[in-house]
Each structure stands twice: as structure tokens, then as C-alpha cells.
Amino acid sequence: MNDKSAHTRSNFGKRGTDNADFPKALVQFENVSLKYNNSIAEKNRNLALDRVSLRLERGGFYFLTGPSGAGKSTLLKLMYLALRPSQGDIEMFGVNVGKADRDELPSLRRRIGVVFQDFRLLPHLSVFDNLALPFRVRDKAPADYIDDVEELLNWVGLGKRMDALPETLSGGEQQRVAIARAVVGKPDLLIADEPTGNVDPQMGARLIRLFVELNKLGTTIVIATHDHEMVARSGAPVLRLEHGKLTQISAPHRAANSRH
Ligand code: ADP
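This section reports on the structure supplied with the text. (Residues numbered from 1 in each chain as written. Predicted model: local features only at pLDDT ≥ 70, side-chain atom pairs only at ≥ 80, totals over all residues. Heavy atoms only, no water.)

### A closer look at the pairing of strand β9 (residues 238-242)
Inference 1: Summarising the sheet, strand β3 (residues 61-65) and β9 pair through three bridges and their orientation is parallel. Along β9, the bridge assignment pairs T65 with R240.
Inference 2: The antiparallel hairpin formed by β9 and strand β10 (residues 245-250) contains two residues in its connecting segment, where H243 sits at a positive phi of about 50°. (Pairing = 2+ DSSP bridges. Helix = DSSP H or I, 4+ residues; strand = E, 2+ residues; numbered from the N terminus.)

Given below as C-alpha cells:
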């Protein structure tokens, strides 16, 4: 078998759709509550999330909205397995994460790409090395990832800045590196917390187009945002949080083929 065929340009990020073992719901929350132990949250409310139930379909594109403090970041942290629920059940990729063995979690985490609001790029590493690091940590041979890293940096328009240090890039460029790093491991689920918060509207629209392209290749996308205009324009389903409760799960309000 030719291993390289899995890494050809046209195949980057593509997901198989015919795997019968792969459940249709990628993420399922059942009555999930989260209370921070050190909670100094509002006096009359100490649950950051209050009995949230939701189901994200494989291949879907979702927005998560709600006022500041509503619990968006908390919900995302549960989804990318940085937190465990205080109550309720979370199933990711068909695995109940509360009941999973601790050593099962790293392989689940590798199926999730995260774009953090503050980028979290490593300042002493070049753009290329920021993307290559996860492979190096896992002792992968450079031949296994160089093409993917370069292809991805070209795709986000940073092919000429691979050797630059993050601090020499603009906010929008750093944001694109953060997105490239989140997807270089070909995650099944991409989670982005305010990915357009630090860029101008034009760059924001461009970043959303990158997410849409990834989604077309089969990656499930969840984006937390305050950008109402972007959400309204997209027509993608919206999860809305208020005071830790899920108050809305809307269906797309435009035909799927005109949604982005
Ligand atoms: P959002 O992302 O919608 O702004 P968060 O999920 O960050 O909301 O916060 C939800 C609630 O949980 C807020 O009341 C916040 O103060 C509280 N909270 C968030 N992180 C922590 C933490 N590490 N410790 C204690 N309380 C927290």
C-alpha cells in the first residue's frame, strides 16, 4: 500500500463517510452541568452550565452564541475534554467520556482541533515549527508531516511566512496560523472560540470561508462568536446559551446550499 496516497494535496482533511462504526452524532450532551470548584460566579448562580443537552451531527457546522459569562467557553472546554462535567453525560465520537479510562482520553483529544481566542502559539518557534510540534512530540518522521504542514500554510495564505516567528505576524496572520495548527492533525471536530474576535470584518469573512471549506471536506465545526451578522448570514444552526442554560437550538434558516 502506498502510504503517501493518504497525504495527497486533494485529499487533505478529507473524511470517509462510509464508516459504519462511526456514530452519526459526533457530540452528545445529556443534562450536563458544570460547577467550578472555586466558583466566585454570581452569588445566586453557581453553575457555569445548567443541565445542557445537545447533539451535534457528524459533518455539521454550528455556531455557539450568548452574552459574556453565559458559559460558552465552559461548554467548549467540556467538548475539547479540558473539563469533566459535574453532572450529566458527555459522549464524544460514541465514547462516554465520564466512563472512559484516563488513557483513552488522549486519543479522543487528538480527534479534536481547537482554535483558542488568544491563539496560544509558541513564541520561540517558527510558524512551521508551531504546526510541526505535535508530530515531533509523537516522534513522527519529518517525511510524514512536512507536505501537510506546507500545504496547509499555503492554504491559509502564509506559505511565505513559514520561517517567521509569531510575534512578527499581524493578528490576522497569527489567527490563521492558529487555525492551521488546529487542523493539521486532521481532526474530526474543530472547535473555535471567537476565531474572528481579533481581526477586521474582511479577514473575519475570509477565516469563515476557511472553516466552510474544511466543513465541506467533512470536518464538524463549532464556532463560539459574538458576531451576530456572521451568524445571521451563514444560516448555520445556532446554539444559544444564557446564564448557563441552552435557550435555543435553531435549525438553519436558509437552504443548505446558500448557507455560506
Ligand atoms: P463565556 O465564555 O460565555 O463568556 P464562561 O464559560 O467563560 O462564559 O463563564 C461562565 C461562568 O463561569 C461565568 O460566571 C464565569 O465567571 C464562570 N467561570 C468561568 N471560568 C471559571 C473558573 N475557572 N473558575 C470559576 N468560575 C469560572
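### Regarding the packing of helix α3 (residues 127-137) against helix α4 (residues 146-155)
Packed helices, taken two at a time, are described by their axes: the angle between them and the distance between them.
Inference 1: Axis separation between α3 and α4 bottoms out at 10 Å; the angle between their running directions is 140°. Between α3 and α4, the angle is such that the two are oblique. Pair α3 / α4 crosses with right-handed handedness. The residues of α4 that touch α3, namely those facing V127, F128, L131, A132 and F135, are I146, V149, E150, L152 and L153.
Inference 2: Here the residues of the contact of α3 with α4 are counted per class, giving nine nonpolar, no polar and one charged. (Axes fitted to C-alpha atoms, helices over the stretch in contact; angles between N-to-C directions. Parallel < 35°, antiparallel > 145°, perpendicular 65-115°, else oblique. Left-handed = near helix turned anticlockwise from the far one by under 90°. Contact = heavy atoms within 4.5 Å. Nonpolar A, V, L, I, M, F, W, Y, C, P; charged D, E, K, R; others polar.)

### Points about the pairing of strand β7 (residues 189-193)
For a regular strand, the rule is simple: side chains alternate between the two faces of the sheet.
Inference 1: Among the five residues in β7, five count as buried, and that is most of the element.
Inference 2: What you see with β7 is no split at all: L189, I191 and D193 on one side and L190 and A192 on the other are buried throughout.
Inference 3: Where strand β6 (residues 112-115) meets β7, four bridges bridge the pair, whose relative direction is parallel. Considered in β7, the bridge of V114 is made with I191.
Inference 4: Relative to strand β8 (residues 220-224), β7 is paired through five bridges, and the arrangement is parallel. In the sheet register, L189 faces β8, and the bridge partner there is T220. (Buried < 20%, exposed > 50% of the residue type's maximum accessible area, 1.4 Å probe, protein only.)

Just geometry here; none of it tells us what the structure is for.
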